[in-house]
Amino acid sequence: MMEIKKLLIGGEWMDGEPGVERLFSTNPATGMVNHEVAAAGAQFAAAAVASAHQACRQPGWRDMLPAERARILYRIAEGIEAHSDPMSRLQMLENGKVWKECQAQVKSAAATFRYYAGVCETLGSEVTPARGNYLSLTVYEPYGVVVAITPWNSPMTMEAQKIAPALAAGNAVILKPSEVTPSTGLLLGKIALDAGLPPGILNVLPGWGHEVGAALVAHPQVRLVSFTGGTESGRRIGQAAAAKLMPVALELGGKSPHIVFDDADLDLAVDSIAGGIFEGSGQSCVAGSRAFVQRGVYDAVLQKLVQRARAITVHLPDQAQAQMGPMASFAHRDKVASMVEQAIAAGAKAECGARAPQDQALAAGAFYLPTILTGMRNSDAIAQQEIFGPVLCLMPFDDEADLVAQANASVFGLASGIWTGSYQRAWRVARALEAGTVWINTYKQLSIATPFGGFKDSGIGREKGIQGVHLYQQAKGIFFGM
Ligand code: NAD
């Protein structure tokens, strides 16, 4: 009999909601079903909200001193580390990330809980300047029930990034993980209960976005939604939130420019461009999917990049030699392949890749080779739409003004990278780029201490850092007449 993983409401492990289609956790490297997962629908969404609403009003959580909440967060961090192998394995089996990347993400999730435990202990209220005969204070209070909705590409890090600050702020959380990767969130729910988090403060509801996800967003007792995922889903969630005047944090898609000026260290830049697009099979919101290279060094960079891309070992993600695993699902791999075919039909040239590997060991999996496309304009569909796969659009530019205009000609504004030997130019271009993050002579350097989020269609709000905890709190002014 196949294992069926249960969902978590109010500290109880439950079978799926009757009438709701179960989830089949599938290994994209082999096509085999890993296990089934109980799914929630609208009724279980309402039950989880009721449970979370009650739990966060209990003195045991509401009046818990920040130092005590921090102790629980530290214990969750330890629990995550103690479960490093099973957690990494669950993610690898569900989204195909290579083993060492899964292990690094477990470490990062634990570090996120530790960081917010520290923030929780040190957060204070403020005495604000008096403008009369009174004492005025600003205190920060939780919203109550908050919902975290996450995508499949890096579930452990995204879930930690939302749950840790929301708990530090004193909320109760309902996690709605992606239907592709429901299992790491369930394990996190168990770790949190074992760490002493009161029942109902963290509920985990796998299920379909349009079903349980939409029901949670629309529920009147849910006071904040923190979403990471695609721009179209984010827009729908934003519209539903507007109808009930609820704040939302939206971390959405990207089409980030990775820029090489002719005075850059080309070898370092080429390594960075390859890592920026091919790590995680390009399934990263900050993937540097548009590379702009100054015309004088364009041919040299193209040649080095193609060599670099061809040298990447695409393999089963549990194999030590694997540098790139499969895409997270067959449907997604086929979508990426079809976008590449359409681009080629529209005049783009495939310099490498643009197909699945021929290795028989990989034949049953959703693999796709590192792909470099040239010959398109920045305004073409392939350079404008988010592909979310190992596909780089490489384009030349003439000068700084041309570069800034092309880089900013996108609906997205998540991240960007600049390679140059001139710090003056790096500063000028960094300030001119419309992006929530700019990397200079590095790429994909992320820190839990630095706020992260998007400009334009890449999102609303900032996660991480101290702002990451204020996202889950509302300010209250208190005045004492003197
Ligand atoms: P998706 O938008 O399809 O799904 C994300 C989550 O939203 C899933 O849990 C899904 O079930 C849920 N969902 C979908 N429709 C919903 C609705 N109407 N109401 C409530 N919930 C709903 O995204 P995906 O395919 O899982 O992930 C890939 C996307 O995520 C890419 O666009 C990528 O750029 C983006 N992403 C962004 C960041 C970031 O930090 N900016 C990070 C990772 C991924």
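Residues numbered from 1 in each chain as written. Predicted model: local features only at pLDDT ≥ 70, side-chain atom pairs only at ≥ 80, totals over all residues. Heavy atoms only, no water.

**Q** I'm lost on the layout of surface pockets in this one. Help?
**A** Left-over empty space is what a probe sized like a water molecule reveals as it rolls over the atoms. In this structure, the second largest pocket spans a volume of roughly 680 Å³. Looking at the second largest pocket, it is lined by 28 residues, and the ones nearest its centre are Gln105, Ser108, Ser154, Thr157 and Leu446. Elements with a contribution of two residues or more to the lining of the second largest pocket: helix H5 (99-122) and helix H6 (155-168). If you tally residues by element for the lining of the second largest pocket, the top one is H5, at seven residues. Looking at the lining of the second largest pocket, its residues break down into eight nonpolar, twelve polar and eight charged. A domain-level breakdown of the lining of the second largest pocket finds at least three residues from each of domain 1 (2-252 + 458-481) and domain 2 (257-447). (1 Å grid on protein atoms, 1.4 Å probe; cavity = no way out; pocket = protein on both sides within 12 Å on 5 of 7 lines; lining within 4 Å. Points joined across faces, edges and corners; volume = space filled by probe spheres on them. Helix = DSSP H or I, 4+ residues; strand = E, 2+ residues; numbered from the N terminus. Nonpolar A, V, L, I, M, F, W, Y, C, P; charged D, E, K, R; others polar. Domains from an automatic or database assignment.)

**Q** I keep staring at the site of the ligand and nothing clicks. Help me out?
**A** Near the ligand there are 28 residues, and of these Lys176, Glu179, Ser233, Leu252 and Glu386 occur at the shortest range. Here an oxygen atom of the ligand and a side-chain polar atom of Lys176 are 2.7 Å apart. Residue Leu252 places a main-chain N or O atom 2.7 Å away from a nitrogen atom belonging to the ligand. With the chains in place, 89% of the 850 Å² that the ligand exposes on its own is no longer accessible. Among the elements of the structure, helix H8 (209-218), strand E11 (222-228) and helix H9 (231-243) are those that each provide at least two residues to the shell around the ligand. Grouping the amino acids of the shell around the ligand by side-chain chemistry returns 13 nonpolar, ten polar and five charged. Split by domain, the shell around the ligand shows at least three residues from each of two domains, domain 1 (2-252 + 458-481) and domain 2 (257-447). (Near = heavy atom within 4 Å. Polar contact = N/O pair within 3.5 Å; in protein donor to acceptor, adjacent residues only side chain to side chain. Areas by Shrake-Rupley, 256 points an atom, 1.4 Å probe, with all protein chains shown as cover.)

**Q** Can you walk me through the domain arrangement of the protein chain in this structure?
**A** Accessible area lost when the parts come together is the quantity often used to give the size of an interface. Taken domain by domain, the protein chain holds domain 1 (2-252 + 458-481) and domain 2 (257-447). Of note, the centres of domain 1 and domain 2, computed from C-alpha atoms alone, are 31 Å apart. Interface of domain 1 and domain 2: buried area, both sides summed, is about 1,800 Å²; carbon and sulfur atoms make up 60% of it. In terms of surface lost to domain 2, no three residues of domain 1 exceed Pro28, Trp152 and Ser458, which account for 28% of the buried area on that side. Summed over the shared surface of domain 1 and domain 2, the number is zero salt bridges. Connecting domain 1 to domain 2 are five residue pairs in polar contact (both at pLDDT 80 or more). Of all the elements in the fold, those that place two or more residues in the side of domain 1 that touches domain 2 are helix H4 (84-95) and H5. (Buried area = accessible area lost by both parts, 1.4 Å probe. Salt bridge = Lys/Arg side-chain N within 4 Å of Asp/Glu carboxyl O.)

**Q** Hey, could you run me through the packing of helix H3 (residues 66-82) against helix H7 (residues 183-194) in this one?
**A** Relative placement of two packed helices is described by the angle separating their axes and the distance separating the axes. Interaxial distance between H3 and H7 falls to 9 Å at its minimum, and their mutual angle equals 130°. By the angle class used here, H3 and H7 are oblique. Crossing hand, H3 versus H7: right-handed. Contact with H3, carried on its side by Ile76, Gly79 and Ile80, involves Leu188, Ile191 and Ala192 of H7 and no other residues of that element. Of the residues that constitute the contact of H3 with H7, the class distribution is five nonpolar, one polar and no charged. (Axes fitted to C-alpha atoms, helices over the stretch in contact; angles between N-to-C directions. Parallel < 35°, antiparallel > 145°, perpendicular 65-115°, else oblique. Left-handed = near helix turned anticlockwise from the far one by under 90°. Contact = heavy atoms within 4.5 Å.)

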